[in-house]
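A look at the structure
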Amino acid sequence: MQISTSDWKTAIGRAFTEAICEQVRAERGLSRPVRVLQVMGFRAEESDDRAARPPFSFSFKASAAASRHVWDWLPIHDMTAREVWADIRESGVPYHPAYSEGLSRLSCRLCIMGSKRDLAISKRMAPATAAAYERVEVDLDDPFQHNRPLASIAPAPGPVGFEVQWTSCPTCHVPVLANTRQPQRHCPAHAPTGPWHLLGAAPAATGCAEQGSLFDALELS
């Protein structure tokens, strides 16, 4: 059986939307379709396919005439990567610790569409996975990328390995996703310098920003 990346991405999101809509219809006794606004971070800069997507549209694939009407909204569609990170640093919005390792995107551990730099970092972060992929290259006599064997890329310098864990902000105790090498991690509102990586900002006395995931919401439902 072949499994595509969509089985771990859009399929999970669609299953979440379907489950939540059924729950809402049952709890509220609705006879009309549930209206859903699906917000995604696709940007035009990422690919020609994403550039062609309208920033706001009705999703026929995710909708069902009798039970749910789903619209897609791409609020950062026109933003560049530099603008996205500037906004993150200014606002203190939570981001995945893998980005702090230097990766330009959060994807599969070793992505066939990844840049040479990202693959070098990934080989440092996941050496055992990289070694397994390289054995497959040898067995199949086929490079990981077109004309670029994974074995030809040296691991980037830095700490070897990477794991994450849920910990608690020492100030407000909301869940925070952290690298296991970090003894503690404050939420953005209570980081010593203010929002994460916003150097020179005054410490925040109140407020918190809780991180979560689709999987947390599915468990709660």
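Since the structure is predicted, the reported quantities are computational estimates derived from the model, not experimental observations.

Here we take up the overall build of the chain. Across its full length, the chain holds six helices and five strands. Scanning the chain from its N terminus toward the C terminus, one meets helices and strands in the order α-β-α-β-β-α-α-α-β-β-α. Going through the 221 residues of the chain one by one, you find that 30% of them count as buried. The long-range fraction of contacts in the chain, counting pairs at least 24 apart against all pairs at least 6 apart in sequence, stands at 48%.

Bringing the packing of aromatic side chains into the picture now. Taken as a whole and judged by the stated rule, the model has five aromatic pairs. Taking 5.3 Å as the distance between ring centres and 75° as the angle between the ring planes, the aromatic pair formed by Phe58 and Trp71 counts as edge-to-face. Linking Phe58 in strand 2 (residues 56-58) with Trp71 in strand 3 (residues 68-73), this pair joins segments that are 13 residues apart in sequence. Residue classification places Trp71 among the partly exposed positions, given a relative accessible area of 26%. Relative to Phe144, the ring of Tyr133 has its centre 5.7 Å away and its plane inclined at 55°; by these criteria the two rings are tilted. With Tyr133 in helix 5 (residues 127-140) and Phe144 in the loop between helix 5 and strand 4 (164-168), this pair connects stretches of sequence that are eleven residues apart.

Moving on: the side chain of Arg43. By the element assignment, Arg43 lies in the loop between strand 1 (34-39) and helix 2 (48-51). The class for Arg43 is buried, based on a relative accessible area of 11%. At a separation of 3.1 Å, a polar atom in the side chain of Arg43 contacts the main-chain carbonyl oxygen of Met79. If we skip the residues at most four places from it in the chain, Arg43 touches Arg50, Ile76, His77, Met79, Thr80, Ala81 and Val84.

Time to look at the nonpolar core. Of all hydrophobic cores here, the largest spans 13 residues; its most connected members are Leu110, Leu119, Met125 and Leu150. It is helix 4 (residues 116-125) that provides the largest number of residues to this core, a total of four residues. Excluding its chain neighbours within four sequence positions, the residues that come into contact with Leu110 are Leu119, Ser122, Lys123, Thr129, Ala130, Tyr133, Phe144 and Leu150.

Sheet strands associate in pairs through backbone hydrogen bonding, adopting either a parallel or an antiparallel arrangement. Reading across from one edge, 1-3-2 is the order of the three strands in this open sheet, with mixed pairing throughout. A single partner strand is all that each edge strand has here, and the edge strands are strand 1 and strand 2. Within this sheet the neighbouring strands show an average axis-to-axis angle of 20°, counted without direction. In the packing of helix 1 (residues 10-28) onto the sheet, contacts are made with strand 1 and strand 3, and the angle to strand 1 comes to roughly 150°.

So, how was this worked out
Residues numbered from 1 in each chain as written. Predicted model: local features only at pLDDT ≥ 70, side-chain atom pairs only at ≥ 80, totals over all residues. Heavy atoms only, no water. Helix = DSSP H or I, 4+ residues; strand = E, 2+ residues; numbered from the N terminus. Buried < 20%, exposed > 50% of the residue type's maximum accessible area, 1.4 Å probe, protein only. Contact = heavy atoms within 4.5 Å. Phe/Tyr/Trp six-rings, centres within 6.5 Å; stacked < 30°, edge-to-face > 60°. Polar contact = N/O pair within 3.5 Å; in protein donor to acceptor, adjacent residues only side chain to side chain. Core = buried A, V, L, I, M, F, W, Y, C linked by side-chain atoms within 4.5 Å. Pairing = 2+ DSSP bridges. Axes fitted to C-alpha atoms, helices over the stretch in contact; angles between N-to-C directions.

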